[in-house]
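Below are the chains, spelled out letter by letter.
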Amino acid sequence: MHPPIIDWQQSLREAYRSPAELLRDLDIAPQSLDWLERPEDGFRMLVPRGFARRMERGNPRDPLLLQVLPRRRENEAVPGFVSDPLAEAGAQASPGLIQKYAGRALLITTGACAVHCRYCFRRAFPYADAHAARQNWGPALQALRDDTSIGEIILSGGDPLSLSDERLGQLIRQLDSITHLHTLRIHTRQPVVLPERVTADLAAQLQGSRLRTLVVIHSNHPNELDDSVDQALMRLRRSGALLLNQAVLLAGINDEIGIQARLSRRLFECGVLPYYLHLLDPVSGAAHFALADSAAHGIMQGLNAILPGYLVPRLVREVPGDPGKRP
């Protein structure tokens, strides 16, 4: 018997937007956490109910909850933490088309996500001014056609899977027509936080492209990867896409060797290879997630001692102006 088909857009409409409601449904006393109803920067809470069901009831330190619950510390100004930590505003070849590295470019497809991660490096990104979807993607696509040095296009956002299957399929077909492109990479958290988004139509759009396709998911903790996520990832694999994972090293959430090892093993069970483990980008509002470099190196030494090499992600930092991620 096949599981019922769930409308992902309806799931998104029903997502939690009130921290008080989320804490109430998790049986967590509101006074146990220094939470915010309305962050000063306007980056409101958004949490799909399916993702919330993976949180431990009654646990104010649940690692999934702490990634998404707005907290008072976000309003603290911390030296070195800025609104544009990767200097993306100055790296746009066209509105919404960012080129920082040779041979590849990144397309901001939308400002919408299915979840608002509190450490997001684009939480203050000016999506209204850098929207590649204007004029049916025209200026961004023309910039790609004009630059034959670009062979790989990365769809990002927001989250590109916030686009409808029809809209995303239209974009992929237009990218297919640019002859010097050979690789399509999609960066998305939706298969993890909203697995019902991986529809049969989405898989067909990916399978129908001539471009070599990679889907880079974003999972930070093994508790995120339940059976519904496993099924979504299986559908992506069957489309022919190679699946990789990017995680962010977050203090108090996944900064232990055992948690990282469990994450790598669980990803492999789901057909996903660990790719990058990012040091936190210093975005305003996220300083409480930062971990010292020495602690990060200690975690990597521990992982190298207990995991096979193919399950050890690369520890990296992104530094504006560098030709690639800095190991």
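Residues numbered from 1 in each chain as written. Predicted model: local features only at pLDDT ≥ 70, side-chain atom pairs only at ≥ 80, totals over all residues. Heavy atoms only, no water.

Undergrad: What's the story with the overall build of the chain in this structure? I'm lost.
TA: Assigned secondary structure in the chain consists of 11 helices and 9 strands. By the compact-globule yardstick of 20 Å for 327 residues, the chain fits well, its C-alpha radius of gyration being 19 Å. Expressed as lengths along the three principal axes of its C-alpha atoms, the size of the chain is roughly 55 × 55 × 45 Å. Of the contacts formed within the chain by residues at least 6 apart in sequence, a portion of 82% connects residues at least 24 apart. When the accessible surface of the chain is summed, it comes to about 14,400 Å², and 52% of that surface belongs to carbon and sulfur atoms. For the chain, the centre of its 37 positive side-chain charges and the centre of its 36 negative side-chain charges are spaced 2 Å apart. (Helix = DSSP H or I, 4+ residues; strand = E, 2+ residues; numbered from the N terminus. Rg over C-alpha atoms; globule rule 2.2 N^0.38 Å. Contact = heavy atoms within 4.5 Å. Areas by Shrake-Rupley, 256 points an atom, 1.4 Å probe, with all protein chains shown as cover. Lys, Arg positive; Asp, Glu negative; His and termini not counted. Charge placed at Lys NZ, Arg CZ, Asp CG, Glu CD.)

Undergrad: I would appreciate a short explanation of the packing of helix α10 (residues 257-269) against helix α11 (residues 293-306) in the present structure.
TA: In a pair of packed helices, the angle between the axes and the distance between the axes together describe the arrangement. The geometry of α10 relative to α11 is characterised by a closest axis approach of 9 Å and an angle of 50° between their N-to-C directions. The angle between α10 and α11 places the two elements in the oblique class. Crossing of α10 against α11: the hand is right-handed. Contacts from I257, Q260, A261 and R265 of α10 reach α11 at G298, I299, G302, L303 and I306. Looking at the contact of α10 with α11 residue by residue, the classes come out as 5 nonpolar, 3 polar and 1 charged. (Axes fitted to C-alpha atoms, helices over the stretch in contact; angles between N-to-C directions. Parallel < 35°, antiparallel > 145°, perpendicular 65-115°, else oblique. Left-handed = near helix turned anticlockwise from the far one by under 90°. Nonpolar A, V, L, I, M, F, W, Y, C, P; charged D, E, K, R; others polar.)

Undergrad: Would you explain the packing of aromatic side chains in this entry?
TA: Aromatic rings in a pair are described by how distant their centres are and how their planes are angled relative to each other. In total, this model carries 3 aromatic pairs according to the counting rule given. Ring plane angle 50° and centroid distance 5.4 Å describe the contact between F268 and Y310, whose orientation is recorded as tilted. Here Y310 lies in the loop between α11 and β9 (314-316) and F268 lies in helix α10, a separation of 42 residues in the sequence. Over the face of the ring belonging to Y16 we find R49, whose NZ or CZ atom lies 4.0 Å from the ring centre. The cationic tip of R197 hangs over the ring face of W8; the distance from NZ or CZ to the ring centre is 4.2 Å. (Phe/Tyr/Trp six-rings, centres within 6.5 Å; stacked < 30°, edge-to-face > 60°. Lys NZ or Arg CZ within 6 Å of the ring centre and 35° of its normal.)

Undergrad: Help me understand a nonpolar patch on the surface, please; the structure alone is not making it clear to me.
TA: The grouping of F268, L273 and Y310 at the surface amounts to a nonpolar patch, some 300 Å² of accessible area in total. Structurally, the position occupied by L273 is in strand β8 (residues 273-278). (Patch = residues over 30% accessible without salt bridge, like charges linked within 9 Å, V, L, I, M, F, W, Y side chains within 5 Å. Salt bridge = Lys/Arg side-chain N within 4 Å of Asp/Glu carboxyl O.)

Undergrad: Sorry if this is basic, but what is going on with helix α8 (residues 200-207) here?
TA: Because each turn of an α-helix spans 3.6 residues, side chains separated by three or four positions end up pointing in the same direction. Listed as buried for α8 are L202, A203 and L206. Seen from one end, α8 has its buried residues packed into an arc of 100°, which puts them on one side. With respect to the buried face of α8, the exposed residues turned more than 90 degrees away are A200, D201 and Q207. Elements in contact with the buried residues of α8: α6 (165-176), β5 (183-188), β6 (212-218) and α9 (227-238). (Buried < 20%, exposed > 50% of the residue type's maximum accessible area, 1.4 Å probe, protein only. Arc of directions from axis to C-beta.)

Undergrad: So what exactly am I meant to see when it comes to the sheet that holds strand β1 (residues 92-94) here?
TA: Across a sheet, paired strands are connected by hydrogen bonds in the backbone, their directions being either parallel or antiparallel. Ordered by their spatial adjacency, 9 strands build an open sheet running β1-β2-β3-β4-β5-β6-β7-β8-β9, and the pairing between neighbours is mixed. With partners counted over all chains shown, the strands left at the sheet margins are β1 and β9, one partner each. Of the pairings in the sheet, the one linking β1 to strand β2 (residues 97-98) comprises 2 bridges and is antiparallel in character. When the bridges of β2 are listed, S94 appears paired with L97. (Pairing = 2+ DSSP bridges.)

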